[in-house]
Structure formats: structure tokens, C-alpha cells
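Coordinates in review
Listed here are the chains, written in short residue letters.
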Amino acid sequence: MDLSFSEEQEMLWKSARDFLANKCPKTLVRQMEEDEKGYVPELWKEMADLGWIGLPFPEKYGGGGFTFLDLVILLEEMGRACLPGPFISTVVLGGLPIAKWGTEQQKKDILPKICKGEAILTLALTEPSARYDAVSVQVKAKVEGDHYVISGTKLFVNDANVADYIIVVARTADSANPEEGITLFIVDGKSPGITTHLLRTIAGDKQCEFTLNKVKVPKASVLGKPNQGWGMVGEIIQWAALAKAAEMMGGAQQVLEMTIQYAKDRVQFDRPIGSFQIIQHYLADMSIDVDSSRVSLHKAAWMLSEGISCAKEISVIKGWLSEAYRRVTAQAHQIHGAIGFTKDHDLELYFRRAKAAELFFGDADFHREIVAQQLGM
Ligand SMILES: Cc1cc2nc3c(=O)[nH]c(=O)nc-3n(C[C@H](O)[C@H](O)[C@H](O)COP(=O)(O)OP(=O)(O)OC[C@H]3O[C@@H](n4cnc5c(N)ncnc54)[C@H](O)[C@@H]3O)c2cc1C
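Below is a summary of the structure that appears in this document. These numbers come from a predicted model, not from an experiment. Position numbers for residues start from 1 in each chain and track the written sequence from start to end. For a predicted model such as this one, the threshold for reporting local features is a pLDDT of at least 70, and the threshold for listing and counting side-chain atom pairs is 80 or more; totals across whole chains, interfaces and linings nevertheless cover every residue. The side-chain quantities take in all heavy atoms of the structure and omit both hydrogens and water.

**Comments concerning the site of the ligand**
Consider each residue's heavy atoms; a residue with any of them within 4 Å of a molecule or strand counts as near. Every residue near the ligand is listed here: R266, Q268, F269, I273, F276, I278, I279, Q334, I335, G337, A338 and F341. Any pair of nitrogen or oxygen atoms within 3.5 Å is treated as a polar contact; in protein, a donor-acceptor pairing is required on top of that, and neighbouring residues in sequence qualify only through side-chain atoms on both sides. Contacts to the ligand include Q268, whose side-chain N or O atom sits 2.5 Å from an oxygen atom. Measuring from an oxygen atom of the ligand, one finds a backbone N or O atom of Q334 at 2.6 Å. For the shell around the ligand, the elements supplying multiple residues, two or more each, are α8 (277-305) and α9 (311-336). Split by residue class, the shell around the ligand holds eight nonpolar, three polar and one charged. Numbering of helices and strands starts at the N terminus; helices are DSSP runs of H or I of at least 4 residues and strands are runs of E of at least 2. Residues are grouped as follows: Ala, Val, Leu, Ile, Met, Phe, Trp, Tyr, Cys and Pro are nonpolar; Asp, Glu, Lys and Arg are charged; all remaining types, including Gly, are polar.

As C-alpha cells, then:
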């Protein structure tokens, strides 16, 4: 079995690592945690010019026509650099659903803008329950003439503060089965009746309370089929969980590498601390977490790219990394001693990201349930 990258993937990986090492220093990451927008528009444009934002979209709309596995390779590097901004929101939560289920008009209107770095997107799914199940979708959309009118509040919406289009998941019909009667709408971020408030988060990422007060959207803004949106949501959650797992994987890899280096450099009792057996065992545990994750991540991404059903594989990797990334950063803290605990050291950035990412599109328990279902339980 050959698990190596193709020549093209190798180039993507290397150029992403070099570019982000230059353009995304930790000073910028820290500035963006404090910044209201949470990303740098000039850097976003440069990433678009490199073809990163259009990577998985068809060439016909200005994209690169790359696979999900290629996207995962890029996302690992983004996680390694702690790149802030709305990349997953725009590409995975917004762009990919339009590319898969959009009408030709919707695709022509929006995908080229995404690829050029001219439109930021996101998905407004969760509500105060913060759960990823259909019964929690209570935001209502009602037909009025040739429009729908949407009202209600969404919570923890990533990057809604800067989004030009928000895919809103709303209830359009009540039914005994909560998975029926849900519709997805592509809503213009500047529509009258929308308000957005930034929430404070542990990682400084931009999650929002997103309120729709009688927001009018044309019927042509429905994404996919009315009342049959829940199946689409299920797929989007899978893509997003896999994309986030890729970022987490890259972060965990970087934490492992920085900790190995620290254990070699830090001298206590006249010896590098890496010569102590307990430190070696910690590092071996971290390496087992990181290396086993990579194989599962690439297997799931490859299956998705090939169109092979992989709900179980995606839940295996997101569920595993939700705990493994946090475990790796916690062990790195043990090895770094007091220095890793300080705000001036990069390690604390990764620890906070590991904690936030754990909950993103399903924590370990959420994904364990899916794995159990896939096992026929
Ligand atoms: C939140 C916080 C508050 C603190 N407040 C204070 C304070 O008020 N006053 C104060 O004086 N200090 C304070 N400290 C510092 C604390 O005393 C030191 O962190 C501690 O003594 C460890 O030293 P170090 O950070 O240099 O780690 P190191 O000694 O460099 O240790 C790093 C790693 O190597 C391991 N290691 C080191 N030596 C050995 C060995 N011989 N065998 C096996 N493993 C080894 C350690 O277990 C650790 O995992 C604080 C630390 C923290 C995190």
C-alpha cells in the first residue's frame, strides 16, 4: 500500500508550509484573536491568488478541481500555522454545498466570487441547544407570496460577522419526524433584519449569535429541495468534521515537533530533559497519537474524494482527534514545565485551539455514537 503524496500534493504541501511560515507568524495569529474581523483581507486575497480558496471547486467556476484529500493536505498546514480566518466556513460550510446542490444560477453567481477571494460564506445551523440534531432546528421560514420570511436566532455561527452569504438551516414545515420539513437558504449577509454579535471564545475564533428578524429571501435562494434539507446538513457536518480534523492533525504535529526540540534543548540537572525516561515516554505517547491520526485522516479523506461512503471513518478520526489533540497539547505542557504555560509561548495557542476544535461539528461522544450506529448498534 502506497500512502505517499503525488507530485502535485507534495508541491501543494511544501508551498503551503513555506507561505504560511512567512505570512502567518504567531504575532499575526495573536493580533487576529483580538481583531473584530479575525482575518487579514490582503492575506485572504493572496491565498485566493494562489488558488487555495478555489481549490476543491470545478475549474468551470474558477476553481482548481482538486480533491478533498488535497484540501486536507492544505488544512493540515493551516492548522500547523494556527491560520486564523474563515477558510473552513467559506470553502467547506458554504462553497461545497453550493457546488453540490446549487442551481446553475447559484453556482455562477457565487462560486467564482469565492474562488477570487471576493465572497466569504458560512453556515448557520446550531441554535441555543448547541446540538447537531434536527429537532434543535427551530428557526422558522414561512412562504409569503414569492418570498420566504425567516425569523429566529442561531448561535455559534462561525464567521457570520464577515460573511457575504450565510446558508441558513430553517424549519419550513412541522412533522412528526424532526428530520422532515427543514430547508436550506442562501441568505445575503446584508439583508435587512440580520444582526450579528460576536461571542467570546477560548481560541479567539469568531463565533457569532446570528439573529434573523423577518428576513425576506426570494424562493430562488433555496439550496436544494424545500423540506428535504436535513440529509444535506448531515453531509455538510461530515465534511466540516473532516476538515476540522485535518486542521487539528496539523496542529498536533507541530506541537509534537516543537516539544521534541524543547526536550533536546532544555537542560536540567546537567542533562537535556529528553534524556529522562519519563519525558521519552510522554513523547512516545504523543507520537502514537499523532501518527495514528494521520493514517485515519488520510484514509477518510481519500474515501470521500473517491465517492466511497465514509461516515464511520470520518467519525473515527474526528472523535479520536477531539481527545488526542487535547491530550498531545496537555502532555506538551507537562514537558515544557512553566514556560509553556505563559502567554508568550506558542504552546498555549495550540492548547486553546485544541479545546475549541474538540467541540466543532461534534465532540468525541457525538462521533462515538455515529461509529456505534455504523457498526449496526
Ligand atoms: C502556574 C505556575 C505558577 C508558578 N508560580 C511560581 C511561583 O510563584 N514561584 C516560583 O518560584 N515558581 C513558580 N512556578 C514555577 C515552578 O516552580 C516550576 O514550573 C517548576 O519548578 C518546574 O520548573 P521548570 O518550569 O523550569 O521545568 P523543568 O524543570 O524544565 O521541567 C520540564 C520537564 O522536565 C521534567 N524534569 C525536570 N527534571 C527532571 C528529572 N530530574 N527527572 C525527570 N524529569 C525531569 C519535568 O518533570 C517537566 O516535565 C510556577 C509555575 C506555574 C506553571
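**A closer look at the side chain of Q106**
Mapping Q106 onto the fold places it in helix α6 (residues 104-115). By the convention used here, residues are in contact when the closest approach between their heavy atoms is within 4.5 Å. With sequence-adjacent residues up to four places away left out, Q106 is seen in contact with I98, L111, I186, A220, S221, V222 and L223.

**Examining empty space enclosed by the protein**
Cavity means a closed set of points on a 1 Å grid over the protein atoms alone, one where a 1.4 Å probe fits but cannot get out, pocket means an open set with protein on both sides within 12 Å along at least 5 of 7 lines, and lining means a residue has an atom within 4 Å of a point. Grid points are joined across faces, edges and corners, and a volume is the space filled by probe spheres set on the points. Applying the stated criterion across every chain, the model contains two cavities of 30 Å³ or more. There is about 60 Å³ of room inside the largest cavity. If you go around the largest cavity, the residues you meet are Y39, V40, L43, W44, M47, L83, P84 and F87. Here the element with the most residues in the lining of the largest cavity is helix α3 (residues 41-49); it accounts for three residues. Of the residues contributing to the lining of the largest cavity, the split by class is eight nonpolar, no polar and no charged. Roughly 30 Å³ of internal volume is contained in the second largest cavity. Tallied by class, the residues present in the lining of the second largest cavity amount to four nonpolar, two polar and three charged.

**Quick word on the layout of surface pockets**
Quantified by volume, the second largest pocket comes out at close to 530 Å³. Taken together, 20 residues form the lining of the second largest pocket, with L3, F5, L69, R294 and H298 sitting closest to its centre. Listing elements by their share of the lining of the second largest pocket, those giving two or more residues are α1 (7-23), α4 (68-81), α7 (230-265) and α8. Its residues assigned to classes, the lining of the second largest pocket shows eight nonpolar, five polar and seven charged.

**Some points on the nonpolar core**
Among buried residues, those of type Ala, Val, Leu, Ile, Met, Phe, Trp, Tyr and Cys that are joined through side-chain atoms within 4.5 Å constitute a nonpolar core. When accessible area is computed with a 1.4 Å probe and restricted to protein chains, residues below 20% of their type maximum are described as buried, those above 50% as exposed, and intermediate ones as partly exposed. M47, W52, F87, L125, I150, L242 and F361 are the most contacted members of the largest nonpolar core, which totals 123 residues. In terms of residues, this core owes the most to one element, α7, which gives 20 residues. Not counting residues up to four positions away in its chain, the partners in contact with M47 are F19, W52, I53, M78, L83 and F87.

**A short note on the environment of D289**
For D289, the position within the fold is in helix α8. For D289, a relative accessible area of 7% puts it in the buried group. Sequence separation of D289 and G193 is 96 residues, and the distance between their C-alpha atoms is 46 Å. Excluding anything up to four places from it in sequence, D289 contacts W320, A324, R327 and V328.

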